[in-house]
Amino acid sequence: MKIAKNTVVTVQYKLSDAQNNLIEDGRQPMVYLHGGYENTLPKIEEELEGKDVGYENTIQIEPEDAFGDYDPNLVKVEPRSRLPEPLEVGMQFEGMLDGDSDEEAMIFTVTDIAEDKVVLDGNHPLAGMALRFELKVTDVREATEEEIAHEHVHGAHGHHHHDDDEDEGEAGDQFRSQPIH
């Protein structure tokens, strides 16, 4: 079966920077719903469109087509007292840029901790980097009607729906801890 809109694609991958420094070894395959559902980078979808199981290639994606350029305006310093303890570099929190109450909340990563100050970076950890993906298609199947309606893959390596999802994001949660893998 060829990769086309509304197919579920399983890809073994390795992710490196432009200098071939390994970023992610892809022990778990990437499984996504193909067809512009924003489940992977558009350049990866473009590369895999029309391909079959067994297709392999290495592609380089520039920052503007990956996670954007690094924006120093997305870095802020907060009093340590505003964040929960224990606090570690690499932890992630959801928050707003100062004075940006009309914008959506964004994820900030703790990049430095001083005695009473914490540096939070709202850039994606891979922002500003050209990325090299080694790709190998290992499976292609038709998506289910439910996957198409929900715009993502269900089941193994996909998304699972739970009845208690409504409990996420309590009112008043200014920051929600999400440690990086």
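Preceding this paragraph is the structure being described.
Given the structure is predicted, the values throughout are model-derived calculations rather than measurements. (Residues numbered from 1 in each chain as written. Predicted model: local features only at pLDDT ≥ 70, side-chain atom pairs only at ≥ 80, totals over all residues. Heavy atoms only, no water.)

Visitor: Give me the lowdown on the pattern of salt bridges, citing residues and values where you can.
Guide: Here the structure, examined in full by the defined rule, presents seven salt bridges. In this structure, arginine 80 engages glutamate 85 in a salt bridge whose closest nitrogen and oxygen atoms are separated by 2.9 Å. Ionic pairing is found between arginine 141 and glutamate 147, a salt bridge with its closest N-O pair at 2.8 Å. Residue class for arginine 141 comes out partly exposed when judged on its relative accessible area of 30%. Classification of glutamate 147 by relative accessible area gives buried; the value is 2%. Salt bridges sharing common partners tie together Lys76, Glu78 and Arg82. (Salt bridge = Lys/Arg side-chain N within 4 Å of Asp/Glu carboxyl O. Buried < 20%, exposed > 50% of the residue type's maximum accessible area, 1.4 Å probe, protein only.)

Visitor: Explain a negative patch on the surface to me, and be specific about the residues and the numbers.
Guide: Judged by side-chain charge, Glu62, Glu64, Asp65 and Asp69 come together as a negatively charged surface patch. By the element assignment, aspartate 69 lies in the loop between strand S4 (56-61) and strand S5 (75-79). (Patch = residues over 30% accessible without salt bridge, like charges linked within 9 Å, V, L, I, M, F, W, Y side chains within 5 Å. Areas by Shrake-Rupley, 256 points an atom, 1.4 Å probe, with all protein chains shown as cover. Lys, Arg positive; Asp, Glu negative; His and termini not counted. Charge placed at Lys NZ, Arg CZ, Asp CG, Glu CD. Helix = DSSP H or I, 4+ residues; strand = E, 2+ residues; numbered from the N terminus.)

Visitor: Could you give an account of the side chain of glutamine 92, naming the residues involved and the relevant values?
Guide: Of note, glutamine 92 is situated in strand S6 (residues 92-95). Its relative accessible area of 14% is what places glutamine 92 among the buried residues. Engagement of the side chain of glutamine 92 in a polar contact is seen with the side chain of threonine 109, the distance being 3.1 Å. (Polar contact = N/O pair within 3.5 Å; in protein donor to acceptor, adjacent residues only side chain to side chain.)

Visitor: Please provide a residue-by-residue account of the environment of glutamate 94, values included.
Guide: Looking at where glutamate 94 falls in the secondary structure, it is placed in strand S6. By relative accessible area, which is 24% here, glutamate 94 ends up partly exposed. C-alpha of glutamate 94 to C-alpha of phenylalanine 108: the two residues are 14 residues apart in sequence and 6.1 Å apart in space.

Visitor: Tell me about the packing of aromatic side chains, and please be specific about residues and values.
Guide: Counted according to the given criterion, the structure contains zero aromatic pairs. Geometry around tyrosine 55 places lysine 51 over its ring, the cationic atom sitting 5.1 Å from the centre. Across from the ring centre of phenylalanine 108, 4.7 Å away, lies the NZ or CZ of lysine 76, which sits over that ring. (Phe/Tyr/Trp six-rings, centres within 6.5 Å; stacked < 30°, edge-to-face > 60°. Lys NZ or Arg CZ within 6 Å of the ring centre and 35° of its normal.)

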